[in-house]
Amino acid sequence: MSEIEREIKEIKVMLEKIEGIIDSRLIGLEEPEDDEIEAIKEFEKRKKAGELELNEI
C-alpha cells in the first residue's frame, strides 16, 4: 500500500470519528455541556434581539 493510500485511510478514519461526534450531538445522544447550553441561550437571545450578523462561509 502506498503512503498516499495509507494517509487517505487515516484521514477517513478521523473523519468518521468526527462525524460520529457531530451526529451524537445533533441527534441528542449526549446531553449538551453547561457551556454549550449557555452559548445556545446567548445565541437565541442575540437572534431574538436582532444583534446577529451571520457571514457566509
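Residues numbered from 1 in each chain as written. Predicted model: local features only at pLDDT ≥ 70, side-chain atom pairs only at ≥ 80, totals over all residues. Heavy atoms only, no water.

**Q** What am I meant to see in the pattern of salt bridges here?
**A** Note that side chains of opposite charge can pair when their charged atoms are close. The tally for this structure, following the rule as stated, stands at one salt bridge. Residue Arg6 pairs with Glu10 through a salt bridge whose shortest N-O separation is 3.8 Å. Of this pair, Arg6 and Glu10 are both found in helix H1 (residues 3-26), four residues apart, which corresponds to roughly one turn of the helix. Arg6 gets classed as partly exposed once you look at its relative accessible area, which sits at 41%. (Salt bridge = Lys/Arg side-chain N within 4 Å of Asp/Glu carboxyl O. Helix = DSSP H or I, 4+ residues; strand = E, 2+ residues; numbered from the N terminus. Buried < 20%, exposed > 50% of the residue type's maximum accessible area, 1.4 Å probe, protein only.)

**Q** I'm lost on the environment of Pro32 in this one. Help?
**A** Take Pro32: it is sitting in the loop between H1 and helix H2 (34-49). Look at Pro32 and you get partly exposed, because its relative accessible area is 36%. Taking the C-alpha atoms as reference, Pro32 lies 22 Å from Lys48; in sequence the two are 16 residues apart. Sequence-distant contacts of Pro32, that is, excluding residues within four places in its chain, are made with Arg25 and Ile37. (Contact = heavy atoms within 4.5 Å.)

**Q** Looking at this model, I keep getting lost on H2. Mind explaining?
**A** Along an α-helix, residues three or four apart share an orientation, since each turn contains 3.6 residues. Compared with an ideal rise of 1.5 Å per residue, which puts 16 residues at 22 Å, H2 spans 23 Å between its outermost C-alpha atoms and is within 8% of the ideal. Following H2 by one or two positions, Gly50 adopts a phi angle in the positive range, close to 75 degrees. (Expected span 1.5 Å × (residues − 1).)

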